[in-house]
Amino acid sequence: MIIDRAEVIVTSPDRNFVTLRLTTDDGLTGLGDATLNGRELSVVSYLRDHVVPLLIGRDAGRIEDTWQFLYRSAYWRRGPVTMAAIAAVDVALWDIKAKAAGMPLYQLLGGASRTGLLAYGHASGQDLPELFDSVRKHLELGFRAIRIQSGVPGLKSIYGIASNATVETMAGVRYDHEPAQRGARPAEEDWDTRAYLRHLPTVFEAVRSEFGPELPLLHDAHHRLTPIQAAKLGRSLEPYDLFWLEDCTPAENQEALRLVRRHTVTPLAIGEVFNTVWDYQQIIREQLIDYVRSAVTHTGGITHLRKILDFAAQYQIKSGMHGPTDISPVGMAAALHLGLAIHNFGIQEYMQHGARTDQVFQQSFTWSGGLLHPGEQPGLGVELDTDEAGKYPYEQAYLPFNRLADGTVHDW
Ligand code: KDG
Ligand code: MG
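Everything numeric in this text was worked out from a predicted model, so none of it was measured.

Conventions used here
Within each chain, residue numbers correspond to sequence positions counted from 1 in written order. For naming, the first written chain is A and the first written ligand is 1, with later ones following in the order written. Local features in a predicted model are, by the rule used here, given only for residues with pLDDT of at least 70; side-chain atom pairs are given and counted only at 80 or more, and totals for whole chains, interfaces and linings are based on all residues. Only hydrogens and water are removed before side-chain values are computed, so all heavy atoms of the structure are retained for them. Working definition: helices are DSSP H or I runs of at least four residues, strands are E runs of at least two. Numbering for both runs from the N terminus. Three exposure classes are used, based on accessible area relative to the maximum for each residue type with a 1.4 Å probe and protein chains only: buried under 20%, partly exposed in between, and exposed over 50%. Note on contacts: a residue pair qualifies if any of its non-hydrogen atoms lie within 4.5 Å across the two residues. Take a side-chain nitrogen of Lys or Arg and a carboxyl oxygen of Asp or Glu: if they are within 4 Å of each other, that pair is a salt bridge. Note that water is not among the atoms used; donors are N, O and S atoms within 2.8 Å of the metal (3.2 Å for Na, K and Ca), so sites may look incomplete. In this scheme, strands are said to pair when DSSP sees at least two bridges between them. Between N-to-C directions, angles cover 0 to 180 degrees, with each direction set by a line fitted to C-alpha atoms, over the stretch in contact for helices.

### Considerations on the side chain of Thr 297
- You can see Thr 297 is positioned in the loop between β13 (291-292) and α10 (301-313).
- Taking relative accessible area as the criterion, Thr 297 reaches 2% and is therefore assigned buried.
- In this structure, Thr 297 is in contact with Asp 33, Ala 34, Thr 35, Met 83, Ala 84, Ala 87, Ile 327 and Gly 331, ignoring residues within four places of it in sequence.

Below is the structure:
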């Protein structure tokens, strides 16, 4: 099993995706997701210019060795571009190994630890009627755990609110929340922390009284709070029994989470922008979080994320892998195989992709009773239709950014 060919495929069916396809001399192919939202072409260049030439002629079976070689031989370590590129190679090699073994990848990772993966969907609304409608639609789609994002009176446009109204998926029409907008410049959104901290508990109170105490509810603060503001929010949401409060601070300063923990028992999830175990070292060891939010795609692949999750397991910290639409179907499949195999699975984020994306990436996962399953095809269970992919060339798109009322740039 020698790597004979490595192609970097960029396609933009409903949004931009970067995929690495490796082919071995005996004709096996493996796919890896390298999509870095808003910075896609930097990973394309990293792969095409610096990684692909090193892969040709390597033994496709040596996954750990290839990971260590790509990480250490570059000298310059970590960072989202490097780690997304390494992730794509890693996942493609796992795909090939599982296909060679004739088994779905989760079997190679140790076999299923559960029958399916509890997944949460994204409900959102500018106001309560819109939000309730969105929650109901998610319940109809079969979700058994729901993220709640709400508009804040006085703020025009904020993270997490479906801006494109609806999008067509294979399963029908759903609310779309795709923050990256096509165009030459990032969109500007506005932010007011005090207004948000006042408003959000009233939203959760209304949702609990409409939908009852059972439904697991989640919320993403999306890095916008200081530690003391995060502590205040966590405490004010305690009566509504959240499954988790996500990214309450940016957590680049891992120590900051100590202050949050001291003041609230609302469970915390952090890490979608992290890319190595070093970003988690302190917050796992000190048990400052409850869920690891990293995606396979952004954390060096299955090889590295599994090490983070095994470390987390020693502290009863569970997985909550990132699964927005910018994780491609290949990245999602990798998450599902890993999530099925590990013992400390917590929950999986699941935003359905658009119908065009599902035509480019043929997938074998199933969605039933609120649970995802990666399916029984050998490998990841995803194939890329290059003719379909070729219909959708790359389009520049950026994530938005925030400004406060006085014009200061704020975390988005
Ligand atoms: O690319 C950025 C998005 O993936 C991110 O904003 C989504 O926070 C997010 C989430 O929890 O899905
Ligand atoms: Mg998030």
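### A word on the pattern of salt bridges
- Under the definition given, this model contains 22 salt bridges.
- The salt bridge partner of Asp 133 is Lys 137, with a shortest N-O separation of 3.5 Å. Of this pair, Asp 133 and Lys 137 both sit in helix α5 (residues 128-140), four residues apart, which is roughly one turn of that helix.
- Judged by its relative accessible area of 33%, Lys 137 falls in the partly exposed class.
- Between Arg 403 and Glu 188 there is a salt bridge, with its nearest N and O atoms 3.5 Å apart.

### Quick look at the coordination of the magnesium ion (ligand 2)
- Those donors, Asp 220 (OD), Glu 246 (OE) and Glu 272 (OE), are the protein atoms that reach the magnesium ion (ligand 2), and they lie 2.0 to 2.1 Å from it.
- Mapped onto the sequence, the donors of the magnesium ion (ligand 2) take the spacing D-x25-E-x25-E. Taken together, the residues Asp 220 in strand β10 (residues 217-220) and Glu 272 in the loop between β12 (268-270) and α9 (281-285) connect sequence positions 52 residues apart.
- On the accessibility criterion, Asp 220 (0% relative accessible area) is buried.
- Glu 272 gets classed as buried once you look at its relative accessible area, which sits at 11%.

### Examining the pairing of strand β2 (residues 17-24)
- For β2, the tally of buried residues reaches eight of eight residues, placing the bulk of the element in the interior.
- Of the two faces of β2, the one lined by Phe 17, Thr 19, Arg 21 and Thr 23 and the one lined by Val 18, Leu 20, Leu 22 and Thr 24 are each fully buried.
- Taken together, the eight bridges between strand β1 (residues 3-11) and β2 define a ladder with antiparallel strand orientation. Opposite Ala 6, over in β2, you have Leu 22 as the bridge partner.
- Relative to strand β3 (residues 29-33), β2 runs antiparallel, the two sharing five bridges. Of the residues in β3, the one forming a bridge with Thr 19 is Asp 33.
- Linking β2 to β3, which pair antiparallel, is a turn of four residues; within it Gly 27 sits at a positive phi near 90°.

### Here we look at the sheet that holds β1
- Taking strand neighbours across the sheet as the criterion, the three strands line up as β1-β2-β3 in an open arrangement whose pairing is antiparallel. The open sheet has two edge strands with one neighbour each: β1 and β3. Neighbour-to-neighbour, the strand axes of the sheet open up by a mean angle of 20°, direction not taken into account.
- Contacting β1, β2 and β3, helix α3 (residues 80-101) crosses the sheet at an angle of about 150° to β3.
- Those strands touched by helix α11 (residues 329-341) are β2 and β3, and its axis lies near 95° from that of β3.

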